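Summary of structural features
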Amino acid sequence: MSKRNRRAVPATGAARPTVTVCRGCCCGTPKVGGLDHAAQLSSLRRQLDGVATVRVTNCLDACERANVILVQPSAAGRTNGARPVWLGLVNDPDATTAWLHGGGPGITDPPAILDLYTFQPSRRVRAELHDQ
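Description of the structure in this document. Quantities reported herein were computed from a predicted structural model and do not represent experimental measurements.

As a further point, take the environment of P84. Structurally, P84 is set in the loop between α2 (75–79) and β4 (85–87). Assessed through its relative accessible area of 17%, P84 is described here as buried. In this structure the C-alpha to C-alpha distance between P84 and L70, which are 14 residues apart in sequence, comes to 6.8 Å. With sequence-adjacent residues up to four places away left out, P84 is seen in contact with L70, V71, Q72, P73 and R78.

What follows concerns the packing of aromatic side chains. Considering all chains together, one arrives at one aromatic pair under this definition. Ring centres of W86 and F119 lie 5.9 Å apart, and the angle between their planes is 65 degrees; on these two criteria the pair is classed as edge-to-face. Here W86 is found in strand β4, whereas its partner F119 is found in strand β5 (residues 118–119), with 33 residues between them in sequence. A relative accessible area of 6% places F119 in the buried class.

Take helix α1 (residues 37–47) next. Among the residues of α1, those classed as buried are H37, Q40, L41, S43 and L44. Looking straight down α1, one finds its buried side chains confined to an arc of 160 degrees; they lie on one side. In α1, the exposed positions angled more than 90 degrees off the buried face are occupied by A38 and R46. Residues of α1 that are buried sit in contact with β1 (18–22), β2 (53–57), β3 (69–72) and α3 (97–101).

The rules behind each value
Residues numbered from 1 in each chain as written. Predicted model: local features only at pLDDT ≥ 70, side-chain atom pairs only at ≥ 80, totals over all residues. Heavy atoms only, no water. Helix = DSSP H or I, 4+ residues; strand = E, 2+ residues; numbered from the N terminus. Buried < 20%, exposed > 50% of the residue type's maximum accessible area, 1.4 Å probe, protein only. Contact = heavy atoms within 4.5 Å. Phe/Tyr/Trp six-rings, centres within 6.5 Å; stacked < 30°, edge-to-face > 60°. Arc of directions from axis to C-beta.

Here it is in structure tokens:
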């Protein structure tokens, strides 16, 4: 993942959560079969319109967990101590939407089903995302 095409960290103080959807070499491609990836992204954008900022990045460098989504808390969530939440193997388009409608990280507890998706990326990946 090059620093040129990577921008996964929103500006500090975002009024609402930011959902970064990986669509790089593995995520959002036929390598993850059985999904209409374009429809999944479209549905996510539609369901979160006005609730969270949804954006796409080329690669979050956690390819073994495709499809990857990074959920970053709102300013209020960060004030409450929330940190970004990494979700892997997110192949259900409704996996995060109800949580985000409730406010997301730091505002509402995530549904128990997200325990199946949550992971911590390597320190190198975290450092690269925050060193811009």
